[in-house]
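Observations on the model geometry
These are the residues of each chain, in order.
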Amino acid sequence: MQLGTVKQIFRYPVKSMAGEQLRKVEFDLRGMRGDRAWSIRDMVTGELAGGKKLPALMGFASRYPTTDSAPAEIELPGGERVAVDAPECASRLSEALGHEVSIEGLRPADDLDFYQAKGSLPADVDGYLRGIFARTKDEPLPDLSKFPPEVFQYSSPPGTFFDAYPVLLMTEKGLAHVQAQSEDSRFDVRRFRPNLLIDGTSGDSAVPEFDWCGKQLRIGAARLTIAIECPRCVMTTVGFDDVPKDPRIMRALVKAAGGNLGVYATIDTPGTVSVGDAVVVEAAAS
């Protein structure tokens, strides 16, 4: 059964920075090849850090100037570019951010100290989580029990720089549904950072991808299992480039979709995915 087609493909070489739009990409068992291959480390806290804690990162961009096996290139907010492996990269990033950082490449999953979360939760855990997920006192927090346990011990699942799962899919229909709840806000797809944007979906569901959880999908030559709905965080409300800061984004998300949008997935069978490929449901995940 066909669920839709791939309209856009996005890859983000450096975690929390703007990425690049592609016509075709390879998926391996880790995820989209070259996606989140580098991360910022906050040299003040010692932790790997993303846009939740350093929101200014969303005003930077990253891309591969040649192939995804070569070092990525970062474009600073003023347009200056620097390669991630350049000796001056960390200092130029720190200067642009006004905060001391380093740039890190992926390391093996067994290098647990590299991925270890360095700090502890504050005394006001509820307030901390409401800040991370941009929820008001009267809005429910996400059900964190659905996340893999390692996300609570490490800054990212060891061997990756992902928040939780390797792939994020989103539908145009779901995006339009939440946009309808807040006509004065701008629900630009860049706020939501999907890997695959799917169009052509049909049926009665306002957010079709939520119905895919627990199912195995074939997209191009790859097969993916849809894990959970994606709980959205404060990054969706941050301003960057020509996208304005807008807390109303989360109010609309909570009203329209419980604060979620898009679905996380894992890779079962590696393969090539291209714009225009059909998204086909194959089976419920075993």
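This one's a predicted model, so the numbers in the text were calculated from it and none came from an experiment.

**Observations concerning the overall build of the protein chain**
Each helix and strand in the protein chain was counted, giving 5 helices and 17 strands. Taken over the C-alpha trace, the protein chain has a radius of gyration of 18 Å; the compact-globule value for 286 residues is 19 Å, and the two agree within 12%. With the C-alpha coordinates of the protein chain rotated into their principal frame, the extents come out at 50 × 45 × 35 Å. Taking all 286 residues of the protein chain together, 52% fall into the buried category. Look at the contacts in the protein chain between residues 6 or more apart in sequence, and 71% of them connect residues 24 or more apart. For the protein chain, the distance from the average position of its 33 positive side-chain charges to the average position of its 40 negative side-chain charges is 2 Å.

**A few points about the pattern of salt bridges**
Throughout the structure, instances matching the rule amount to 27 salt bridges. Ionic pairing is found between Arg63 and Glu73, a salt bridge with its closest N-O pair at 2.9 Å. Placement of Arg63 in strand E7 (residues 61-63) and of Glu73 in strand E8 (residues 73-75) is noted, with a sequence separation of 10 residues between them. Salt-bridge contacts for Glu139 lead to Arg251; the nearest nitrogen and oxygen are separated by 2.7 Å. Pair noted here: Glu139 is in the loop between helix H3 (125-132) and strand E11 (167-171) and Arg251 is in helix H5 (residues 248-257), with a separation of 112 residues, a long-range link. According to the relative accessible area criterion, Glu139 is buried, its value standing at 10%. Classification of Arg251 by relative accessible area gives partly exposed; the value is 28%. Overlapping salt bridges bring together Arg41, Glu104, Arg107 and Asp111 as one network.

**Focus on the sheet that holds strand E10 (residues 101-105)**
The antiparallel open sheet is built from 3 strands, whose spatial order is E6-E5-E10. Of all the strands in the sheet, the pair left with one neighbour each is strand E6 (48-49) and E10.

**Observations regarding the packing of aromatic side chains**
Summed over the entire model, instances satisfying the criterion amount to 6 aromatic pairs. Ring geometry for Phe114 and Phe161: centres 6.3 Å apart, planes at 45 degrees, overall tilted. Of the two residues, Phe114 sits in helix H2 (residues 112-115) while Phe161 sits in the loop between H3 and E11, which places them 47 residues apart along the sequence. Here the two residues Phe114 and Phe161 agree in accessibility, since each one is buried. Ring centres of Phe187 and Phe192 lie 6.0 Å apart, and the angle between their planes is 10 degrees; on these two criteria the pair is classed as stacked. By way of ring pairs, the aromatic residues Phe114, Tyr115 and Phe161 are connected into one cluster. Sitting over the face of the ring of Phe114, Arg41 holds its NZ or CZ atom 4.8 Å from the ring centroid. When the ring centre of Tyr12 is taken as reference, the NZ or CZ atom of Arg193 above it lies at 4.4 Å.

**Details of the pairing of strand E13 (residues 215-219)**
Where E13 and strand E14 (residues 222-231) come together, 4 bridges link them in antiparallel fashion. By the bridge assignment for E14, Gln216 is matched with Thr225. Between E13 and E14, which pair antiparallel one after the other, the connecting turn spans 2 residues, and Gly220 there sits at a positive phi close to 60 degrees.

**Brief notes about the side chain of Asn260**
If you trace the backbone, Asn260 turns up in strand E15 (residues 260-269). Among the polar contacts listed, one links the side chain of Asn260 to the side chain of Glu229, at a separation of 2.8 Å.

**Some thoughts on the pairing of E10**
Burial within E10 is extensive, with 4 of its 5 residues counted as buried. Pairing of strand E5 (residues 38-42) with E10, which is carried by 5 bridges, proceeds in the antiparallel orientation. Note that in E10 the partner of Trp38 across the bridge is Gly105.

**Details of the nonpolar core**
One recurring pattern in soluble globular proteins is that nonpolar side chains are buried together. With 44 residues, the main nonpolar core has Phe27, Leu169, Leu196, Leu217, Ile219 and Val273 as its most contacted residues. In this structure Val273 touches Val6, Ile9, Arg23, Lys24, Val25, Phe27, Leu196, Ile219 and Ala222, once residues within four positions along its chain are discounted. Formed by 21 residues, the second largest nonpolar core is a distinct cluster that contains Met17, Phe60, Val82 and Cys89.

**Details of H5**
Burial within H5 is extensive, with 7 of its 10 residues counted as buried. By the burial criterion, the buried members of H5 are Ile249, Met250, Ala252, Leu253, Val254, Ala256 and Ala257. Residues of H5 that are buried in the fold lie against helix H4 (172-179) and E15. Gly258 lies just past H5 and shows a positive phi near 65 degrees.

The rules behind these values
Along each chain, residues carry numbers from 1 onward, in the same order as the chain's sequence is written. Where local features are concerned, this predicted model is filtered to residues with pLDDT of at least 70; where side-chain atom pairs are given and counted, the filter is 80 or more; whole-chain, interface and lining totals use all residues. Note: side-chain values were computed over all heavy atoms of the structure, leaving out hydrogens and water. Counting from the N terminus, the helices are the DSSP runs of H or I reaching at least four residues and the strands are the DSSP runs of E reaching at least two. C-alpha atoms define the radius of gyration, and 2.2 Å times the number of residues to the power 0.38 defines the globule rule. Accessibility here uses a 1.4 Å probe with only protein chains present; expressed as a share of the type maximum, an area under 20% marks a residue as buried, one over 50% as exposed, and anything in between as partly exposed. Two residues form a contact once any of their heavy atoms are found within 4.5 Å. For the purpose of charge, His is not counted, nor are the chain termini; Lys and Arg are scored as positive and Asp and Glu as negative. A single reference atom marks each charge: NZ on Lys, CZ on Arg, CG on Asp, CD on Glu. In the sections that follow, a salt bridge refers to a side-chain nitrogen of Lys or Arg positioned within 4 Å of a carboxyl oxygen of Asp or Glu. For two strands to count as paired, DSSP must find a minimum of two bridges between them. Stacked, tilted and edge-to-face are the three classes applied to pairs of Phe, Tyr and Trp rings, where Trp contributes its six-membered ring and a pair requires centres within 6.5 Å; stacked means planes under 30 degrees apart, edge-to-face means over 60, and tilted covers the rest. Two limits define a charge over a ring: the Lys NZ or Arg CZ must be within 6 Å of the ring centre, and within 35 degrees of the ring normal. Polar contacts, as counted here, are pairs of nitrogen or oxygen atoms within 3.5 Å of one another; within protein the pair requires one atom able to donate a hydrogen and one able to accept it, and residues that are adjacent in sequence qualify only if both atoms are side-chain atoms. Among the buried residues, those of types Ala, Val, Leu, Ile, Met, Phe, Trp, Tyr and Cys that are joined through side-chain atoms within 4.5 Å form a nonpolar core.

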